[in-house]
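Descriptive analysis of the structure
Here is what each chain is made of, one letter per residue.
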Amino acid sequence: MNKTKLSVIAVILFHAVGLIGFLVPALHPLFIKLVPFHLLLMLVIVIINHQRLSEKFWLFALLTFLAGFMAEWIGVHTHIIFGNYNYGATLGTKVFDIPLMIGVNWFTLVYGTGVLLQRSRLKNVFARIITGAVLLVLLDLLIEPVAIKFDYWNWTGGVIPLKNYRDWFGLSILLLALFEWFNFKKQNIVAPVLLVVEFVFFGILQLA
């Protein structure tokens with residue numbers, strides 16, 4: 001069994017176990033503590049499956065991490081983008097009130113979406129970017145109720161503003177444009193599988 005197949009199995013298995021942990025109330029305290037480690041594991045799986053770990057890849061990863069982190073800093077401290085919200089303890093270690101894992105999450109989501117559309121039949125770059133941004137907003141729609149319930153983050157007054165989705169869309173466009181600009185060669189299916197699994201994971205949790 002090759003690295004790609006093993007990685008796909010690992011992504012599905014760890015999310016399946018996590019799903020059980022979040023669906024069984026008695027397991028919530030343990031699995032909430034494991035969230036940052038899960039995100040780090042997914043990051044490692046994505047990285048080791050990139051076909052050429054060049055300086056260009058590391059630069060893209062760093063820029064995406066920093067852009068995502070800075071956008072969240074602006075959102076939390078000024079409310080100019082996303083809205084009035086703050087982060088709970090679930091995502092782990094914070095710097096300036098922003099979890100480091102949020103930058104990791106932006107990278108894995110953007111990279112997975114970029115690779116998915118890279119492998120699609122969409123040949124037009126603009127169409128790939130817009131489609132990808134729509135997909136990420138749809139994923140955020142699934143994530144938000146789960147994130148609030150498990151203290152990933154919280155909205156003032158408990159209301160998710162429409163500007164959150166507008167600004168997710170805008171930031172997603174910028175980061176996916178960055179992905180296209182770096183012009184990575186066609187990558188394997190691990191990152192897109194992770195994206196699809198996250199749709200399923202948060203969709204089931206929201207229904208539950």
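See the structure above.
In this report, we go over the structure that sits alongside the text. Counting from 1, residues in each chain are numbered in the order their sequence is written. Local features in this predicted model are restricted to residues whose pLDDT is 70 or higher, and side-chain atom pairs enter the listing and the counts only when it is 80 or higher, whereas totals over whole chains, interfaces and linings include all residues. For side-chain calculations, the full set of non-hydrogen atoms in the structure is used, while hydrogens and water are omitted.

Working definition: helices are DSSP H or I runs of at least four residues, strands are E runs of at least two. Numbering for both runs from the N terminus. With respect to the element layout, Lys33 can be found in helix H2 (residues 28-48). The rule is simple: take the accessible area with a 1.4 Å probe, protein chains only, and divide by the maximum for that residue type; under 20% is buried, over 50% is exposed, in between is partly exposed. Since its relative accessible area comes to 63%, Lys33 is described here as exposed. On a C-alpha basis, the gap between Lys33 and Ile9 in space is 23 Å, while along the polypeptide they are 24 residues apart.

Glancing now at the nonpolar core. Buried residues of nine kinds, namely Ala, Val, Leu, Ile, Met, Phe, Trp, Tyr and Cys, make up a nonpolar core once their side-chain atoms join them within 4.5 Å. Grouped together as the largest cluster of nonpolar side chains are 62 residues, with contacts concentrated most on Phe60, Tyr111 and Trp153. In what follows, a contact means two residues having at least one pair of non-hydrogen atoms within 4.5 Å. With sequence-adjacent residues up to four places away left out, Phe60 is seen in contact with Phe107, Val110, Tyr111, Leu175, Leu178, Phe179, Phe182 and Phe184.

Let us now look at helix H5 (residues 125-149). Here a helix's expected span is defined as the number of its residues, less one, multiplied by 1.5 Å. The terminal C-alpha atoms of H5, which comprises 25 residues, lie 37 Å apart, in line with the 36 Å expected from a rise of 1.5 Å per residue. What is called the bend at a residue is the angle between a pair of axes, fitted to the seven residues leading up to and ending at it and to the seven starting from it. The sharpest bend along H5 measures roughly 35° and falls at Ile143, with the proline Pro145 sitting one to four residues further on. Within H5, the full set of buried residues consists of Arg128, Ile129, Gly132, Ala133, Leu136, Val137, Leu139, Asp140, Ile143, Glu144, Val146 and Ala147. Along its buried surface, H5 packs onto helix H4 (100-118), strand E4 (153-155), helix H6 (162-182) and helix H7 (190-207). Here H5 starts with a cap whose side-chain oxygen sits 2.9 Å from the backbone nitrogen of Phe126, and that cap is Asn124. Any pair of N or O atoms that falls within 3.5 Å is considered a polar contact. Within protein, one atom must be able to donate a hydrogen and the other to accept it, and sequence-neighbouring residues count only if both atoms are side-chain atoms.

For this analysis, a salt bridge means a side-chain nitrogen from Lys or Arg found within 4 Å of a carboxyl oxygen belonging to Asp or Glu. One pass over the structure, following the stated rule, counts two salt bridges. Here Arg166 and Asp167 are joined by a salt bridge, their closest N and O atoms 2.8 Å apart.

Let us look at a nonpolar patch on the surface. Where nonpolar side chains cluster on the molecular surface, the patch consists of Ile20, Leu23, Val24, Leu27, Val196, Val200 and Ile204 and spans about 530 Å² of accessible area. Looking at the nonpolar patch, the elements with two or more residues in it are helix H1 (3-23) and H7. Here the nonpolar patch takes three residues from H7, the largest share from any one element. By definition, no residue in a patch forms a salt bridge, and every one has over 30% relative accessible area; like charges are joined within 9 Å, nonpolar side chains (Val, Leu, Ile, Met, Phe, Trp, Tyr) within 5 Å. Here the open area of atoms and residues is found with the Shrake-Rupley method and a 1.4 Å probe, where only the protein chains shown may cover a residue.

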